[in-house]
Amino acid sequence: MIRDNLASVRERINIACSGCRRNPAEIAIVAVTKGRSAAEIQEAIESGISYIGENRVQEAMAKFYELQAKNCGLRWHMVGHLQTNKTKDAVEIFDLIHSVDSLRLAEEINKQASRISKVQNILIEVNVSGEASKFGVRPEELISIVEKSAGFKNINVQGLMTIAPAVDKAEEARPYFRALRELRDKIYERRTTNDEPRILSMGMTDDFEIAIEEGSSMIRLGRAIFDA
Ligand SMILES: *Cc1c(COP(=O)(O)O)cnc(C)c1O
């Protein structure tokens, strides 16, 4: 099932890319594995997945130690809200933290990463829709947070992440994805930092084709991969 699901996801990526003249190789698939067993994740890995996205540090650690030993080349991504008291463990296992939503968290990640002489790759999560229920920095604060974060030696700001609001039709998510791309372009043009914030982590099971049309480079898929 997981293998077939991934085949149809790849087909849908190809179709979305051909509609907007993008190269499917530019789109990384992060399999979001919260609540999934190690056996399910192993099947996804055997079907070509190498980016594993988790929402909780504790759950991720257990799976990390089980799966990392059996598989080479896996990359673990934190996609859920990160509490500052979990950053020590997070920097141990994650290659990319998508959900940096405050300067304070960036500062703490920098501190913990420096303890283990690591440069931690991060994305800044932006609350583009402004919904009170969502994590993420406000668009108006973004530039300042990116520039201050770039001053930290042990983090590398690689791009932006957003979660679009739940909408009836995927098309309705387009303005939020477009807004994130425009913010990325604005930061990129300013070039006040040495970091290259190229990654756009946007698009989930219900809206990834629209996200790809708006420039996504990393889609985060749970149900499309693991559900029947
Ligand atoms: C669960 C989750 C996803 C995947 O959601 P699906 O709709 O199942 O594809 C992506 N990103 C984040 C941050 C999530 O929490």
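Residues numbered from 1 in each chain as written. Predicted model: local features only at pLDDT ≥ 70, side-chain atom pairs only at ≥ 80, totals over all residues. Heavy atoms only, no water.

Trainee: What's the story with the overall build of the chain in this structure? I'm lost.
Mentor: Broken down by element type, the chain carries nine helices and eight strands. Its C-alpha atoms give the chain a radius of gyration of 17 Å, within 12% of the compact-globule value 17 Å for 228 residues. Taken over the C-alpha atoms alone, the chain extends approximately 45 × 40 × 30 Å along its principal axes. When the accessible area of the chain is evaluated, it comes to approximately 10,800 Å², of which 46% is carbon and sulfur surface. (Helix = DSSP H or I, 4+ residues; strand = E, 2+ residues; numbered from the N terminus. Rg over C-alpha atoms; globule rule 2.2 N^0.38 Å. Areas by Shrake-Rupley, 256 points an atom, 1.4 Å probe, with all protein chains shown as cover.)

Trainee: Just to check I follow, could you spell out the pairing of strand 5 (residues 120-125) for this structure?
Mentor: Looking along a regular strand, one sees side chains alternate from face to face of the sheet. Counting buried positions along strand 5 gives six out of six residues, so the element sits mostly inside the fold. Here strand 5 shows two buried faces, one formed by Gln120, Ile122 and Ile124 and the other by Asn121, Leu123 and Glu125. Across three bridges, the pairing between strand 4 (residues 96-100) and strand 5 is parallel. The residue of strand 5 that forms the bridge with Ile97 is Ile122. Since strand 4 and strand 5 lie parallel, the crossover through helix 5 (residues 103-115) that links them has a hand, and here it is right-handed. Summarising the sheet, strand 5 and strand 6 (residues 155-161) pair through six bridges and their orientation is parallel. Residue pairing across strands places Ile122 opposite Val157, the latter belonging to strand 6. Following the backbone out of strand 5, through helix 6 (residues 139-150) and into the adjacent parallel strand 6, one traces a crossover that is right-handed. (Buried < 20%, exposed > 50% of the residue type's maximum accessible area, 1.4 Å probe, protein only. Pairing = 2+ DSSP bridges. Right-handed = clockwise from strand over helix to strand, strands pointing away.)

Trainee: Mind showing me how you'd approach the packing of aromatic side chains here?
Mentor: To describe a pair of aromatic rings, one takes the distance between the centres and the angle between the planes. Counted according to the given criterion, the structure contains two aromatic pairs. For the ring pair Phe64 and Tyr65, a centre distance of 5.0 Å and an interplane angle of 90 degrees mean the geometry is edge-to-face. The exposure class of Phe64 is buried, given its relative accessible area of 12%. Overall, the relative accessible area of 53% leaves Tyr65 in the exposed class. Look at Phe64 and Trp76: their rings are 5.6 Å apart centre to centre, the planes differ by 70 degrees, and that puts the pair in the edge-to-face class. With Phe64 in helix 3 (residues 57-68) and Trp76 in strand 3 (residues 75-78), this pair connects stretches of sequence that are twelve residues apart. (Phe/Tyr/Trp six-rings, centres within 6.5 Å; stacked < 30°, edge-to-face > 60°.)

Trainee: Whenever I open this one, the layout of surface pockets confuses me. Can you help?
Mentor: Empty pockets left among the atoms are what a rolling probe the size of a water molecule brings to light. Roughly 350 Å³ of internal volume is contained in the largest pocket. When the residues that make up the lining of the largest pocket are grouped by side-chain class, the tally is seven nonpolar, five polar and six charged. In this structure, the second largest pocket spans a volume of roughly 210 Å³. Lining the second largest pocket are 13 residues, with Ala164, Pro165, Ala166, Asp206 and Asp207 positioned closest to its centre. (1 Å grid on protein atoms, 1.4 Å probe; cavity = no way out; pocket = protein on both sides within 12 Å on 5 of 7 lines; lining within 4 Å. Points joined across faces, edges and corners; volume = space filled by probe spheres on them. Nonpolar A, V, L, I, M, F, W, Y, C, P; charged D, E, K, R; others polar.)

Trainee: I would appreciate a short explanation of the packing of helix 1 (residues 2-19) against helix 2 (residues 38-46) in the present structure.
Mentor: Two measures define how a pair of helices packs: the angle their axes make with one another and the distance between the axes. Look at helix 1 against helix 2: their axes get within 9 Å of each other, and the N-to-C directions meet at 45 degrees. In terms of their interaxial angle, helix 1 and helix 2 are classed as oblique. For the crossing formed where helix 1 meets helix 2, the hand is right-handed. Note on element contacts: helix 2 touches helix 1 through Glu40, Glu43, Ala44 and Glu46, opposite Ile2, Arg3 and Leu6. Grouping the amino acids of the contact of helix 1 with helix 2 by side-chain chemistry returns three nonpolar, no polar and four charged. (Axes fitted to C-alpha atoms, helices over the stretch in contact; angles between N-to-C directions. Parallel < 35°, antiparallel > 145°, perpendicular 65-115°, else oblique. Left-handed = near helix turned anticlockwise from the far one by under 90°. Contact = heavy atoms within 4.5 Å.)

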